[in-house]
Structure formats: structure tokens, C-alpha cells
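Understanding the architecture of this molecule
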Amino acid sequence: MLRPRLFRIGNSLRTFRRSAHSVPSLMHDFREGVPGLLSPQGFDMAWTQYQGLMIEKLNSLTAGGEYEFKTAKDIAIKYARDPNSAPIFNYASMAHNNAFFFSTITPEPKPMSAELKKDLEDSFGSIETLQREFIVTASSMFGPGFVWLVKSKDRKYSILCTYLAGSPYPGAHYRRQPVDMNTGDNSVAEAIRRTNAWEPVNTVGLHGAQSRKKLAPGGIDLNPILCINMWEHVYLPDYGVGAGGVGGKKAFAESWWHVIDWEVVRKNAEVNPQKKYLT
């Protein structure tokens, strides 16, 4: 005789668990595809289905933890260097990177501003050179990942590759020592150890060590302003593998260049348009 299956309370709690993270709304309606880049089916795979999966996994892994209500970017930086938390990092970083990619494309592309154009030309010589380097780098990637346009504090621009779910943020490359002479030495007063172990409350001061970002040794403070997603599920449905020189990654990257939202890129780069005054 079969024993009746009992309803588990744990299962019901998982069913009604609130979702701290959700798929963000895009600035444009791409349900009919991204004109010139992705078909409706391609967009559905690259955004609706994939982003939904990343968020679902992220909610499952962070539920009840201290980072449950943090942004995907913050979670990725927090867990980037913790091998035991690799799944959390992967889903958080992919959710952020993919959203960043879709936030910088538009169905109605417009020319870049003169100010941004000059900034980029100072680093690459010409926009044509930047375009060529971006497309060659993206199409040459051996494996999935992202190609980023990043800006340093001294206003220099460069191209950066991150493979798989890798993050471009310097904070994701920093590994803090869990114990040092101030946070773990019992000869130091408990109050001092607690204080030194905490993150600083005020980080906006102009001077002092706490006013600066923590970088890995040899790291550079970079700000990502544009990226292209080179994961196979993004380009394969519409562009194929590129056999015989037809379609593939290069064709996808070439099409992507023509749907970039340069106004969003300008804002990400914090390049302000020059004000014109009437005389």
C-alpha cells in the first residue's frame, strides 16, 4: 500500500518567497526585436528568457542573506573573489552585464555628441579606428564573454575583454585579507578591532585613504561606459556560427555598432555637452 504524500511546509515557503530582484524594464520596447540587430525570437532568447533565468537563480541564492536586497552589481563585486560563492557572483555579474548591454542599444540611433567624439578621438585617433578595434576584438574572442569600452580617471579610453561572467569593475578584483594585526590580534582592544573591521561610514571626504576606491595591487580605476554581449545565445539564433564567412560573430558585432545609443554612452562617460550662451 502506498503511503500518502505529505505536503511539505518548506515547499510552500519557497513558493511564496518574495523576489528581491526582478528583470529591469528597458528604455525601449524590443518585443518586436531590435531593429537591425535581433529578431523577436533573438531578443526573446537574449533578454526575456536569459535575463529572467539569471534573476531567478540570483533570487534563489541570495534569499535571506545580507545581500538579498543589494543590486546585482554590488553582489557581483562583493562575491567576485570568494571561490565558495562563485554561483552567486556568476548570476549577479551576468544579470548586470546583460542589462548593461541592452541599456546601451536603441531602435533609433543618433550620432554621438561632438564632446564624446573628441574624447574618443583623443584615445583612438578616430572613431573609425575605435569601431574597427571593437569589432575585431569582439569577433576574435575564443569563448563567450563581453567586450567593454572603459574610461579611466585621467579620461583615457580603452577596450577591455571579460570572459564568461567576468566583471570590468576594479572592485571585483580586490581581495580583502580576512584577518590582519588590527582586526584579528587579541592584544588590540576589542573596540578598535571592531571599528577597523567595519567599512567606513563616510566615504565622500576629499582627502584621506577612505575617500579612495579600494583597488587590487596594480589595478586601475576604470568606469565601463559601453559593452557588447558575445555569448553564443545572443548571436547564434540570428547570425549562426559564421561558416563560410557568412554571418557569425563578426556580422553580429558589425550590426551592433549601428544600434548603439551614444547618448547613454555619453552619460555613462560623464561627458557634459558644452553650454551655449546667447550674446
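Here's what I pulled together on the structure shown here.

**A word on unusual backbone geometry**
Most of the time, phi is negative for any residue but glycine, and the peptide bond is trans. For L164, which is not glycine, the phi torsion reads 55° and is therefore positive. Inspection of the secondary structure assignment puts L164 in the loop between strand 2 (157–163) and helix 7 (190–197). For E270, which is not a glycine, the phi torsion comes out positive at approximately 55°. Among the secondary structure elements, E270 is positioned in the segment after helix 10 (262–269).

**Points about the sheet that holds strand 3 (residues 222–229)**
Strand order in the open sheet made by the three strands is 2-1-3, with antiparallel pairing throughout. Both edges of this open sheet fall to strand 2 and strand 3, since each of them pairs with a single strand only. This sheet shows a mean twist of 30° between the axes of neighbouring strands, independent of strand direction. Sheet analysis places strand 1 (residues 145–152) next to strand 3, joined by seven bridges and oriented antiparallel. Residue pairing in the sheet places L149 in a bridge with L226 of strand 3. Where helix 4 (residues 86–103) meets the sheet, its contacts fall on strand 1 and strand 3, and the angle it forms with strand 3 comes to roughly 80°.

**Brief notes about the packing of aromatic side chains**
Taken as a whole and assessed by the stated rule, the structure comprises 14 aromatic pairs. Taking the centre distance of 5.5 Å and the plane angle of 65° together, the rings of Y239 and F252 count as edge-to-face. With Y239 in helix 8 (residues 232–239) and F252 in helix 9 (residues 248–257), this pair connects stretches of sequence that are 13 residues apart. Aromatic rings pair up to connect F30, F43, W47, F101 and F102 into one cluster.

**Here's the deal with the packing of helix 2 (residues 40–62) against helix 8**
For the pair helix 2 and helix 8, interaxial distance at closest approach is 7 Å and the crossing angle is 160°. Put simply, helix 2 runs roughly antiparallel to helix 8. Between helix 2 and helix 8 the crossing geometry is right-handed. In this structure, helix 2 uses G42, M45, A46 and Y50 to contact helix 8, whose residues at the interface are H233, V234, P237 and D238.

**Here's the deal with the packing of helix 2 against helix 4**
Running from N to C, helix 2 and helix 4 point in directions that differ by 145°, and their axes come no closer than 9 Å. Crossing of helix 2 against helix 4: the hand is left-handed. Listed contacts from helix 4 to F43, A46, W47, Y50, Q51, M54, I55, K57, L58, L61 and T62 of helix 2 are P87, I88, Y91, A92, M94, A95, N98, A99 and F102. For the contact of helix 2 with helix 4, the per-class residue count stands at 16 nonpolar, three polar and one charged.

The rules behind the values
Residues numbered from 1 in each chain as written. Predicted model: local features only at pLDDT ≥ 70, side-chain atom pairs only at ≥ 80, totals over all residues. Heavy atoms only, no water. Helix = DSSP H or I, 4+ residues; strand = E, 2+ residues; numbered from the N terminus. Pairing = 2+ DSSP bridges. Axes fitted to C-alpha atoms, helices over the stretch in contact; angles between N-to-C directions. Contact = heavy atoms within 4.5 Å. Phe/Tyr/Trp six-rings, centres within 6.5 Å; stacked < 30°, edge-to-face > 60°. Parallel < 35°, antiparallel > 145°, perpendicular 65-115°, else oblique. Left-handed = near helix turned anticlockwise from the far one by under 90°. Nonpolar A, V, L, I, M, F, W, Y, C, P; charged D, E, K, R; others polar.

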